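Observations on the three-dimensional arrangement
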Amino acid sequence: MLFMGNRHQAFPTLVVQDPVLEPVDKLVWMVIMLQAQVTGGSTAFPSYEYLARKTNVSSTSTISRAVAILRATRWLTLCARLREASGRFRGNVYALHDEPLPLVDALHLDPDYMKFLQQSLGHHHARVRLVAKGVLDTIDEDIQEGIDICAQGHPLERRLQAAEAIQQDSPRRYFAFSATVMTRLRNVVGEDGADHRDQNSKVDGTERQIPNPQNSKSGSCSSYITSVRQIHGFQPASS
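Calculation notes
- Residues numbered from 1 in each chain as written.
- Predicted model: local features only at pLDDT ≥ 70, side-chain atom pairs only at ≥ 80, totals over all residues.
- Heavy atoms only, no water.
- Buried < 20%, exposed > 50% of the residue type's maximum accessible area, 1.4 Å probe, protein only.
- Helix = DSSP H or I, 4+ residues; strand = E, 2+ residues; numbered from the N terminus.
- Arc of directions from axis to C-beta.
- Contact = heavy atoms within 4.5 Å.
- Salt bridge = Lys/Arg side-chain N within 4 Å of Asp/Glu carboxyl O.

Looking at helix α3 (residues 48-55)
- Every buried residue of α3 is accounted for by Leu51, Ala52 and Thr55. Along the axis of α3, the buried positions cluster into a sector of 100°, meaning they face one direction only.
- Contacts from the buried residues of α3 go to α2 (23-38) and α4 (60-72).
- In the segment just after α3, Asn56 is the residue with positive phi, at about 60°.

Structural data, given as structure tokens:
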């Protein structure tokens, strides 16, 4: 095959082939990246209206869902929420990544990441709930198997696992998702692309105090994760 056009912007192969992200999620990632490239990597996060216009999506709620999934899968990290001295909200600071972050890096940049996953279990959109549950189930599975879930690991090993997950017919581990969870996600997508159970569930509005992993005196990341899970009353999936 010959490509007869001019050279264009390059996108990571992983984001194009990601087996968890849906097409709109990938488009939103690409538009955010293009916006960052225009200003040399540092710019205001584009509004949902801008993202909807550039991705040809009619609903900003679809954009909101895509941003939530990108954050849950760790393609996008919410690093900070900015406020003025008066307390007035100014905006969010996001970091966009060329591959999903390891859990330990996500927790360092986004101390509220685990709280976000827990809250996403009550998201109004079924796909967000499904993806968030998959990430949490993988964390539980790793802890139960004695895996150090906050070990950095070698980037090459993670990329090889991801390549196998994309190329092989049988589900394999893919970054934040274990092979078991990938099987479940594939089955749901194979049926109708969505999980319609508990479609109207709401997040528990009760405020809970969440420990900060950056200030934790415990040397065990698994202990921190477990404590956050217990605070939110989430029970690991039964085997």
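After presenting the structure, the write-up continues.
Here we look at the pattern of salt bridges
- Summed over the entire model, instances satisfying the criterion amount to 10 salt bridges.
- Between Arg158 and Glu99 there is a salt bridge; the shortest N-O distance is 3.8 Å. Note that Arg158 is positioned in helix α8 (residues 155-167) and Glu99 in the loop between β2 (89-96) and α5 (103-109), a separation of 59 residues in sequence. With respect to class, Arg158 is no different from Glu99; both count as buried.
- One salt-bridge network, held together by shared partners, links Glu22, Asp25, Arg65 and Arg127.

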